[in-house]
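Report on the structure
Here is how the chains run, residue by residue.
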2 protein chains.
Amino acid sequence: MSDFQGDKNKVRQILDSVKAAGRDSLTAPEGKLVCDAYGISVPKESVVTSAAQASTVAASMGFPVVMKIVSPDILHKTEAGGVIVGVKSAADASAAYDTIVANAKVYKADATILGVQVQQMIKGGQEVIIGAVTDNSFGKLVAFGLGGVLVEVLKDITFRLAPATNEDALSMLDGIQAAEMLKGVRGGDPVNRAALSSLIVRVSQLVSDFPEISEMDLNPVFASKEGAIAADVRIVVDFAQKAPRYRPPEAEVAVAMNRIMQPKAVAVIGASTETGKIGNSVMKNLINGGYKGQIYPIHPKDAEILGYKAYKSVKDVPGEIDTAVFAIPAKFVAGALKECGEKKIAGAILIPSGFGETGNIEGQEELQRIGREYNIRLMGPNIYGFYYTPSNLCATFCTAYDYKGTTALSSQSGGIGMAIIGYSRSAKMGVSAIVGLGNKSDIDEDDLLIFFENDPNTTVIAQHCEDLKDGRAFAEVAKRVSKKKPVIMLKAGRTAAGAAAASSHTGALAGNDKIYEDVLRQSGVIRARSLRQLLDFARGVPLLPTPKGENIVIITGAGGSGVLLSDACVDNGLKLLKPMPDDLDAAFRKFIPPFGAAGNPVDITGGEPPITYVNTVKLGLEDDRIHALILGYWHTIVTPPMVFARNMVEIVEEMKKKGKVKPVVASLAGDVEVEEAAQYLYEHGIPAYAYSTEIPVEILGAKYQWARGAGLL
Amino acid sequence: MSDFQGDKNKVRQILDSVKAAGRDSLTAPEGKLVCDAYGISVPKESVVTSAAQASTVAASMGFPVVMKIVSPDILHKTEAGGVIVGVKSAADASAAYDTIVANAKVYKADATILGVQVQQMIKGGQEVIIGAVTDNSFGKLVAFGLGGVLVEVLKDITFRLAPATNEDALSMLDGIQAAEMLKGVRGGDPVNRAALSSLIVRVSQLVSDFPEISEMDLNPVFASKEGAIAADVRIVVDFAQKAPRYRPPEAEVAVAMNRIMQPKAVAVIGASTETGKIGNSVMKNLINGGYKGQIYPIHPKDAEILGYKAYKSVKDVPGEIDTAVFAIPAKFVAGALKECGEKKIAGAILIPSGFGETGNIEGQEELQRIGREYNIRLMGPNIYGFYYTPSNLCATFCTAYDYKGTTALSSQSGGIGMAIIGYSRSAKMGVSAIVGLGNKSDIDEDDLLIFFENDPNTTVIAQHCEDLKDGRAFAEVAKRVSKKKPVIMLKAGRTAAGAAAASSHTGALAGNDKIYEDVLRQSGVIRARSLRQLLDFARGVPLLPTPKGENIVIITGAGGSGVLLSDACVDNGLKLLKPMPDDLDAAFRKFIPPFGAAGNPVDITGGEPPITYVNTVKLGLEDDRIHALILGYWHTIVTPPMVFARNMVEIVEEMKKKGKVKPVVASLAGDVEVEEAAQYLYEHGIPAYAYSTEIPVEILGAKYQWARGAGLL
């Protein structure tokens, strides 16, 4: 929240009158009054009724001024000779008054003339746009971009959740492509950053205080060394407020999610003895997965299922139940859900499909109503269920996971969930949880964040989503959680049409994906660019310790890999330690052949024995001026892949014992044996890839991005 | 080449006088004369010597004009009151003449006054920059960008090889980020594209005709509906011409490369019986690889090596030798190379290191001299050698390849070469050749292109390089070859400092990587963005038939994959068939459940049996309005991965027999069994990836990019 307070009463009055008049936008004078109430600088202006007054008022504003007829009977002021721009002196102002009034009378003899408006003329400096829009998911957003047609063409605009802090606002000035323009190019003056950021903060506060302001444009704002003044204001209102998505208090969310994800007792509604049935798969997964809590099969007839006593209804179960997994057809779900509610079950895992995704919106809304009535949280419907490995819990019909770890994954889509499971097993990626969110009738990404935030078994959270039902809630939670643990998101559906029907300038520039991009960054979320990258990040990021600084050194046996690894560093915003300090350079040189290259990359050359890798990597880990290492291995007979891998793991472990803990990633070039070596390195904490120079660096880049966002660098 | 002819004699005279004066740039009047000679529009101007003449001349130009004192004694014209802008009438021009002359006399009483320059004032329209630079590798390049400081900040500028054709020039107008600005935004007029492109062509011809023009700026050029006029001209010259890199005629290259790559006889200089020696590995690879030509081991003492008669020198070998593989220490290479020259061997494969890469420039230059003297081509030094699989030829010390195919790869770096070999074996990527280019003392990428162009065993050429020693030669050849076969390049070293020391505006904007980007595109080369992408393209692109149109349909079992596949289409410049024609939509709907989504993606939903995939894919292959298919498979019990894979291969084969040949790629989401299915699909001509939605679409995108560049779409 910003600590800025505007004059709310004044704005309320204006908006009330606009509402009473049934209008959907403010007039220019109303817009100016609103700006005044929030300390948003606009040009000085005044209406005068005599030539003498014109000259005094104009002089007090400072020249030049622009003068315009004020008459309800004259709509086309310029046509009527009712506008004079560039009035440069008191005498000219006096003369201009007379001319304008005379012209007006000629134009329309019986026009009611209320006076002449005298307005400060603003120009010079850099034209920028400050605006605000209302997004269905994120709510109020403030926008900033350069003014002018070129910027419109390039769509170079940036967004933040409103209200924006001063820090947010300052980050916006650096957040556009053309940021350099604000710093004073070609000898020009830099703009007054404080004045601009203050304007952004005020606009963001205004739209936050008044939800009915749906869109707003200050366009152009003239930003100069001295300050920032909005030359034109446009405010669009929408008094039809939508009901916000239901959201329980966070403490309640935490309690419920804890019960759901780590249940002491699970009911399986629709448990079955019949192989191939979902209710059978769920039962077997619970049992064979090694879940130690109570398992209660629910079945209308059977007395026992797979060795467990069965009940006709959850209400017949003697003990408390935390989680109910649904494996029954859609039409029976509502009834069973009510019983779960009566039984005070914390959460329903709604595997069944046949709701929103097939057009059965009504059926889904019924479940939502029941959920709220009984205070039972809903996961799904239309999901595969979930895994929580620390409890050996497989509340799903899918095959069991193989590798425990500390990454918690979720997917909106079942297909992507299957890809997560497959990749996890194939790459031996350890997971703490895999959760299907499906139609997200209730539980969504931010509920999961709240649970994983305090889950000691989770160190990284990786989520696939197609939309955020409540982007604002997500952003608020993510901002906090991402300070503690990396939050990675693959946001699909980047090409969805944005605010196509927007009526403001800012609105027209607000692409849906650009908003996600900016808000996710504002929230400290690392955005994965592809499914494979989500999976690579989920696997690699938790293995890396947090770097203590920005200085990275590449140590490579292949010069060619060194070049590509350097490229990847630039692509991923990583900084090579350059120039290498003389003593460090000399120290590296001691270990490498005379024709090798020190500097950075350190090119140890291709024909070197294992000890050269060991010596140089040890030096890289020892020296406190180096904060992370990128290794480029080249397969030779002298240093076979597994010898390299074992040596690297050994030296990293040895140095770790001495307190030298640094992120290390590796790229392996060579014949197929490098795949085994990469797997070995990965299993021992060094993200390593065969035939790729870019992926290991991307993973290191993600860790750095997180550490910076969390304020650890 | 452009078909424009400038007045070369006139420019030659001016440049000769500049050279004689020892200057390194042209004066403004000289620059204008050069422009006149090449029909480059500049403002009309004339020097007058009386007020009356001023008024007549100004009137003939059209108002407004700007007038300036012409005096060798007055450097600071404005300070001297010697400049008047915005002169609007004949009378004003006459008065301005008198004022300027009077001011000049006041400023400096004894100044020699040669007259007053009257110049047409140009303004309005869109400011653009047209320029030219000289690149070490590519030679003359013409540049185009918008004018103004913002463009400088954004570095939104595009390059083409000079001379540029009119088509090249027009592509530049569309090749900048802000291209829309030229089309008339906010109701503005579009610029005159013909006038602008003609200006670009003329500048490009000028710098091509006169190599001594090292840099040139027309900045700004005012482009309007009517035409384009350069308001300011700057020409920088460099009379110290560098000797161009030696380059034999193409016909000679083709003959030599054919002998080298498909030799009838190979000599191994430094052949050895001793395991672990390079000369031993090369011999074994030649023998065990199954090479059917003559093998001549060369050894100072041994009479026989590995069952082959050995010779003391290549000169002792009775028959002709095409290719000599060197496996001897650096210091012996020059001597042996001379003997190869005397023996009229076509090419020397210089495996030995210890030349340019270790600082032994002189040693490498000696080899180059010998090579030219004897007309023997050099591959390397500092390489692993090469493979040419159609001849079963492994002229390398590395392990043998496993899979024959039609992709020809090359790498500048040995490490990257090893990664190619490893990936090829692991992924079963068929190759026709793998070539190490190392120090590129002679043979480089364009020599390989010339060979592969007519090699019937090669359908795709994929190259890794860090620099192009002769970018111009490469571009010329690539432009031709890429029309026949896809040429893919991973250009490493993207962050190399560009023309940092440039003295022109255009030069300062010319980032090295931006030039590569533009010239590679101009040459029809597909640029791979990462090592993995180079390998994925090398593997996948040759499998895909050339699409007959732009309409792509996604058929998916997982809605989530469909969204990500759509995103990937946008990222890769692919166009989905949208809206789906009604009859086609209805036809798809017949095969899918009522809650499935037709449209595009066609979402068949997750629970469907194999026949649903078969029916929809068959329809997609049959209908001629659809040109390519992207499949999204979701692993279920109903349609297991291998069932899906076999069905897809079957239907694609069946339709192929009916003449329905279309590119098909697949993304597989599921448990580990999808990996086997992906491999099966790949081996049967359908590039398929497990756990990735983006890679298969990138491969399809590369094929489309090639087809468009080759004029096939």
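Residues numbered from 1 in each chain as written. Chains lettered and ligands numbered in written order. Predicted model: local features only at pLDDT ≥ 70, side-chain atom pairs only at ≥ 80, totals over all residues.

The helix and strand tally for chain A stands at 23 helices and 30 strands. Judged by the C-alpha coordinates and their principal axes, chain A covers about 95 × 80 × 35 Å. The buried share of chain A, reckoned over its 713 residues, is 54%. (Helix = DSSP H or I, 4+ residues; strand = E, 2+ residues; numbered from the N terminus. Buried ≥ 20, exposed ≤ 12 C-beta atoms within 10 Å, placed from the backbone.)

What follows concerns the sheet that holds strand S22 (residues 460–465) of chain B. Residues and elements named next belong to chain B. Taking strand neighbours across the sheet as the criterion, the seven strands line up as S19-S18-S21-S20-S22-S23-S24 in an open arrangement whose pairing is mixed. The open sheet has two edge strands, strand S19 (393–396) and strand S24 (526–528), and neither has a second partner. The mean inter-strand angle of the sheet, taken between neighbouring strand axes irrespective of direction, is 15°. Here strand S23 (residues 487–491) runs beside S24; their pairing, made up of three bridges, is parallel. Pairing of Ile488 across the sheet is with Ile526, part of S24. In the packing of helix H9 (residues 278–289) onto the sheet, contacts are made with strand S18 (385–388) and S19, and the angle to S19 comes to roughly 175°. Across the face of the sheet, helix H13 (residues 445–453) comes into contact with strand S20 (404–411), strand S21 (431–436), S22 and S23 while running at roughly 170° to S22. (Pairing = 2+ DSSP bridges. Axes fitted to C-alpha atoms, helices over the stretch in contact; angles between N-to-C directions. Contact = placed C-beta atoms within 7 Å.)

Let us look at helix H21 (residues 641–657) of chain A. Residues and elements named next belong to chain A. Taking 1.5 Å of rise per residue, the 17 residues of H21 would be expected to cover 24 Å, and the 25 Å separating its terminal C-alpha atoms lies within 8% of that figure. Among all positions in H21, only Pro641, Phe644, Ala645, Met648, Ile651 and Val652 are buried. Buried residues in H21, looked at end-on, bunch into an arc of 140°, giving them a common side. Of the residues in H21, the exposed ones pointing more than 90 degrees away from the buried face are Glu650, Glu653 and Lys657. Those residues of H21 that are buried are in contact with helix H20 (610–622), strand S28 (628–634), strand S29 (664–669) and helix H22 (673–683). Looking at the residues trailing H21, positive phi occurs at Gly659, about 85°. (Expected span 1.5 Å × (residues − 1). Arc of directions from axis to C-beta.)

Before going further, it helps to examine the sheet that holds strand S11 (residues 265–269) of chain B. Residue and element names in this part refer to chain B. Sheet architecture is open: five strands sit in the order S12-S11-S15-S16-S17, paired in parallel fashion. Each having just a single partner strand, strand S12 (294–298) and strand S17 (377–379) make up the two edges of the open sheet. Neighbour-to-neighbour, the strand axes of this sheet turn through a mean angle of 20°, independent of strand direction. Pairing of S11 with S12, which is carried by five bridges, proceeds in the parallel orientation. Opposite Ala267, over in S12, you have Tyr296 as the bridge partner.

Turning our eyes to something else, we now look at helix H16 (residues 512–522) of chain B. For an α-helix the count is 3.6 residues per turn, leaving residues at separations of three or four pointing the same way. Within H16 of chain B the residues assigned to the buried category are Asn512, Ile515, Tyr516, Asp518, Val519, Leu520 and Gln522 of chain B. Gly524 of chain B sits one or two positions beyond H16 of chain B and adopts a positive phi of about 80°.

Here the focus is the relation of the copies chain A and chain B. Placing chain A over chain B gives an RMSD of 0.1 Å and needs a rotation angle of 180°, together with 0.0 Å of translation along the axis. Both copies of the chain, as the preceding transformation shows, are related through a two-fold rotation axis. Residue Leu150 of chain A of chain A places its C-alpha closer to the rotation axis than any other residue of that unit, at 4.4 Å. An overlap of 100% is found between the interface residues of chain A and their copies at the interface of chain B, pointing to a shared contact surface. (Least-squares fit on C-alpha atoms with pLDDT ≥ 70 in both.)

Next up on the list: the interface of chain A and chain B. In this assembly, 60 residues from chain A lie in contact with 60 residues from chain B. With 10 residues, the single largest contributor to the side of chain A that touches chain B is helix H12 (residues 414–427) of chain A. Looking at the side of chain A that touches chain B residue by residue, the class counts come to 26 nonpolar, 24 polar and 10 charged. (Nonpolar A, V, L, I, M, F, W, Y, C, P; charged D, E, K, R; others polar.)

Moving on, we come to the packing of helix H8 (residues 250–261) of chain B against H13 of chain B. When two helices pack together, their arrangement is given by the angle between the helix axes and the distance between those axes. All names here are of chain B. Running from amino to carboxyl end, H8 crosses H13 at an angle of 80°, the nearest separation of the two axes being 9 Å. In terms of their interaxial angle, H8 and H13 are classed as roughly perpendicular. Taken together, the residues of H13 that come into contact with H8 (itself represented by Glu250, Val253, Ala254, Met257, Asn258 and Met261) are Asp447, Ile450 and Phe451. (Parallel < 35°, antiparallel > 145°, perpendicular 65-115°, else oblique.)

The tendency in soluble globular proteins is for nonpolar side chains to be buried as a group. With 432 residues, the main nonpolar core has Phe326 and Ile488 of chain A together with Phe326 and Ile488 of chain B as its most contacted residues. Among the elements that make up this core, the one with the highest residue count is helix H23 (residues 694–709) of chain A (eight residues). In contact with Phe326 of chain B, other than residues within four places in its own chain, are Ile269, Gly270, Val333, Ala336, Ala348, Ile349, Leu350, Ile351 and Pro352 of chain B. (Core = buried A, V, L, I, M, F, W, Y, C linked by C-beta atoms within 7 Å.)

What follows is about the environment of Pro486 of chain B. Residues and elements named next belong to chain B. Considering the arrangement of structural elements, one finds Pro486 in the loop between helix H14 (471–481) and S23. Using a count of 27 C-beta atoms within 10 Å as the deciding quantity, one classes Pro486 as buried. If near-sequence neighbours (up to four positions away) are discounted, Pro486 is found in contact with Val460, Ile526, Val541 and Trp706.

A few words on the confidence of the model for chain A. Interpretation of the predicted coordinates at a detailed level should be avoided for regions scoring low in pLDDT. A residue-level look at chain A finds 97% of positions with pLDDT of 70 or above and a mean pLDDT of 93. For residues 497–503 of chain A, every residue scores under 50 in pLDDT, and the model assigns this stretch 13 contacts once sequence neighbours within four places are set aside. (pLDDT = per-residue confidence, 0-100.)

To continue, consider unusual backbone geometry. Backbone torsion omega between Phe63 of chain A and Pro64 of chain A reads -5°, so that peptide bond is classified as cis. Position of Pro64 of chain A relative to the elements: it lies in the loop between helix H3 (51–61) and strand S2 (65–70). The residue after Gly380 of chain B, namely Pro381 of chain B, is reached through a cis peptide bond having omega 0°. Within the element layout of this structure, Pro381 of chain B appears in the loop between S17 and S18. Positive phi outside glycine occurs at Lys344 of chain A, with the angle close to 60°. Note on placement: Lys344 of chain A falls in the loop between helix H10 (330–342) and strand S16 (347–350). Lys344 of chain A sits in the partly exposed class, given 13 other C-beta atoms within 10 Å. With a phi close to 75°, Thr605 of chain B is a non-glycine residue in the positive phi region.

All names here are of chain A. Most of strand S8 (residues 213–223) is tucked away: 11 of the 11 residues are buried. Of the strand pairs in this sheet, strand S5 (residues 126–135) and S8 are connected by six bridges, and their pairing is antiparallel. Opposite Gly131, over in S8, you have Asp217 as the bridge partner. Where S8 meets strand S10 (residues 233–237), five bridges bridge the pair, whose relative direction is antiparallel. Counted as the bridge partner of Met216 is Ile235 from S10.

Let us look at the environment of Ile100 of chain B. Residues and elements named next belong to chain B. Within the fold, Ile100 resides in helix H4 (residues 90–107). Along the primary structure Ile100 and Leu534 are separated by 434 residues, whereas in three dimensions their C-alpha atoms are 66 Å apart. Contact partners of Ile100, with chain neighbours within four places excluded, come to Met67, Ile69, Gly82, Ile84 and Val116.

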